[in-house]
Each structure stands twice: as structure tokens, then as C-alpha cells.
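Spelled out from the first residue to the last, the chains are:
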Amino acid sequence: MSELTSTRICTTAAKLGLPHLAEALDQYVQRADEAKMGYLDFLDLVLAVELAVRDDRRFRSGLRLSKLSHHKTLEDYDFSFQPDLDPRKVKDLATLSFVEDKANVALLGPPGVGKTHIAVALAVAACRAGYSIYFTSLDDMVRHLKAAEDQGRLISKLTSYLRPAVLVVDEVGYQPLERTEANLVFQVISKRYEKGSIILTSNKTFGKAHMFRRTCARCCRNFTGSMVSRRLPSRLDVRATRS
């Protein structure tokens, strides 16, 4: 390949937003020569690698914007630590069918059983699959919404909780909500209804009326605590609902 051709390819790749192609051009050519690739095989190689690079870049950017405090995966979770938890339940969630269905997941259990680990792992898997994700504790979400409301920026702040395909709300039920705070949470839940998934963790158990019923009113009522038992669950419980 002439230097002129190489320069032109690198310039065109940069204009197309393919900086890796420009950087790795010599490596591509070397691999093609060594494998005696045909034109189509060489093109297939370049496109496959560039797609993988772009996906990885998008994945890392998504994690950076997600506010996740760590990036643990399900492979890091020790299921033997929770023998009462059926791993098949969690691995079924890891297929992300609940995200496709815009359904919700509740991870309930006492402190230290790995609720947040699983919630984060599912979010990381969703991000890897191309879904947008966002992580917050319920306390932080309420605090930010109240501050935004006081500053006249509520609609703008709500958008940050409505935009992602998967919203992880950690530590639900640890602190009681005032009526005005519950109303702010209601706005998030009702506006996300059938538009995106929520993964929730809580150290409380829930009553018969599940927090993610079809009606937003019941959804909010359960979410804000009136249907949450004061009794701590004795083990990790995973619940998913379909819209």
C-alpha cells in the first residue's frame, strides 16, 4: 500500500468517526497479508473490529454517565452465599427480557445479602447490550428532585430519571417519605410506566398489592411505603413483573 493511499484512508476514517481504523490500519493490512484474505474477508474483518471498538466505547461512556458506584457483574456474585436464592431467577433476568418488556424488578432482603450487587450487575449487562442506564438511591433522587423544584428546574431534573431505559433505585424504604416527597417519586414512577424499567432494592417486604401493578396510583402507593411491611425479610427475594 502506497503512503499516499494510507494517508487518504486514515483521513477518510477520521472523517467517518473511525479513529481506531486510522490507528490500526497497518495491523489490519498485516493480518490480511498473513491470512491471505480476499477483499470481502478483509472488509468483514475491518467492519467487525470497528463495530466492537465502537460498542466498547459506547459501553464505557454509558457506565461513566450512569452514576454507578462500582461495575460488579453477576460473575462476581457468590450464589453459595445465598443458598435460598435460585440462581436461575437471576440468570433469567440477565437475559434482559424484562428490559425489552419495560417491566420492573424488585430485589428485597436484609442488609448484606447482595441486593445492590445484583442490581448493578443487571444494569451493567443492560449497558453492555446497548441500553441506557442510571443509578441513584431513593434518598438522593428525592433530595435532587426537591432541590430542582425549589429552583424551578423540576421538569428538567425529572428528565434525568425518565430518559434511561433502566433506572436503578437503591435503598428504598430505609427512610420514610413525606407527602410532598412521595408526590415527587410518583411523578417519576408514573411517567416511566410502560416506557422504561426500574430495578429497585429494599430491605423491606411488600404486601399483597405489588408495588408495580398496572395502575400508576397503586404503583406509587406501594413504592412510597404504605404497602411496605416494617418486617425485614429474612433472605434475598427477587421479584419481576411484566407490564
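Residues numbered from 1 in each chain as written. Predicted model: local features only at pLDDT ≥ 70, side-chain atom pairs only at ≥ 80, totals over all residues. Heavy atoms only, no water.

K.L.:
Can you explain the nonpolar core? Please cite residues and give values.
P.N.:
Ranked by internal contacts, the top residues of the largest apolar core, which has 33 residues, are Leu85, Phe98, Ile118, Ile133, Val166 and Ile199. Counting only elements with at least two residues in this core, the list comes to helix 3 (39–65), helix 4 (87–93), helix 5 (97–100), strand 1 (104–108), helix 6 (115–128), strand 2 (133–137) and strand 3 (166–172). Among the elements that take part in this core, helix 6 stands out by supplying nine residues, more than any other. In contact with Val166, other than residues within four places in its own chain, are Val99, Ala126, Ser132, Ile133, Tyr134, Arg192, Ser197 and Ile199. Judged by nonpolar contacts, the second largest core, of 19 residues, contains Leu108, Val142, Val169 and Val172. (Core = buried A, V, L, I, M, F, W, Y, C linked by side-chain atoms within 4.5 Å. Buried < 20%, exposed > 50% of the residue type's maximum accessible area, 1.4 Å probe, protein only. Helix = DSSP H or I, 4+ residues; strand = E, 2+ residues; numbered from the N terminus. Contact = heavy atoms within 4.5 Å.)

K.L.:
Any details on the side chain of Ser66? Residues and values, ideally.
P.N.:
Within the element layout of this structure, Ser66 appears in the loop between helix 3 and helix 4. For Ser66, a relative accessible area of 0% gives the class buried. In terms of polar contacts, Ser66 uses its side chain to reach the backbone amide nitrogen of Leu68, at 3.2 Å. In this structure Ser66 touches Ile133, Tyr134 and Phe135, once residues within four positions along its chain are discounted. (Polar contact = N/O pair within 3.5 Å; in protein donor to acceptor, adjacent residues only side chain to side chain.)

K.L.:
Can you explain the packing of aromatic side chains? Please cite residues and give values.
P.N.:
In the structure shown here, the tally under the stated rule is two aromatic pairs. Summarising the aromatic geometry, the rings of Tyr77 and Phe79 are spaced 4.9 Å apart at their centres and angled 75° between planes, so their arrangement reads as edge-to-face. Relative accessible area serves as the criterion here: at 8%, Tyr77 is assigned to the buried category. Both rings, one in Tyr134 and one in Tyr161, keep their centres 5.8 Å apart while their planes meet at 80°; by these two values the pair is edge-to-face. Of this pair, Tyr134 sits in strand 2 while Tyr161 sits in helix 8 (residues 154–162), and the two are 27 residues apart along the sequence. In this structure, Tyr134 and Tyr161 share a single accessibility class: buried. The ring of Phe79 carries Lys91 above its face, with NZ or CZ at 6.0 Å from the centroid. Over the ring of Phe59 we find Arg128, and its NZ or CZ is 3.7 Å from the ring centre. (Phe/Tyr/Trp six-rings, centres within 6.5 Å; stacked < 30°, edge-to-face > 60°. Lys NZ or Arg CZ within 6 Å of the ring centre and 35° of its normal.)

K.L.:
So what about the environment of Asp170? Which residues, and what values?
P.N.:
Relative to the helices and strands, Asp170 is located in strand 3. For the pair Asp170 and Thr116, spaced 54 residues apart in sequence, the C-alpha to C-alpha distance is 6.9 Å. Non-local contacts of Asp170, meaning those with residues more than four positions away in its chain, are made with Thr116, Phe135, Thr136, Ser137, Leu138 and Thr201.

K.L.:
Can you break down the packing of helix 2 (residues 19–35) against helix 3 residue by residue, with the values?
P.N.:
One way to put it is that helix 2 packs onto helix 3 with a least axis distance of 11 Å and a crossing angle of 145°. When the axes of helix 2 and helix 3 are compared, the crossing they make is right-handed. The residues of helix 3 that touch helix 2, namely those facing Pro19, His20, Leu21, Tyr28, Val29, Arg31 and Ala32, are Phe42, Leu45, Val46, Val49, Glu50, Val53 and Arg57. Considered class by class, the residues forming the contact of helix 2 with helix 3 number 10 nonpolar, one polar and three charged. (Axes fitted to C-alpha atoms, helices over the stretch in contact; angles between N-to-C directions. Left-handed = near helix turned anticlockwise from the far one by under 90°. Nonpolar A, V, L, I, M, F, W, Y, C, P; charged D, E, K, R; others polar.)

K.L.:
Any details on the pattern of salt bridges? Residues and values, ideally.
P.N.:
Across all of its chains, the model carries five salt bridges by this definition. For Asp56, the salt bridge identified is with Arg128, shortest N-O distance 3.9 Å. Of this pair, Asp56 sits in helix 3 while Arg128 sits in helix 6, placing them 72 residues apart in sequence. The shortest N-O distance in the salt bridge between Arg88 and Asp86 comes to 3.0 Å. (Salt bridge = Lys/Arg side-chain N within 4 Å of Asp/Glu carboxyl O.)

K.L.:
How would you summarise unusual backbone geometry if you had to cite specific residues and measurements?
P.N.:
Positioned with a positive phi, Lys36 is a non-glycine residue whose angle comes to about 50°. Within the secondary structure, Lys36 sits in the loop between helix 2 and helix 3. In this structure, Leu96 takes a positive phi of about 70° despite not being glycine. Counting through the fold element by element, Leu96 comes out in the loop between helix 4 and helix 5.

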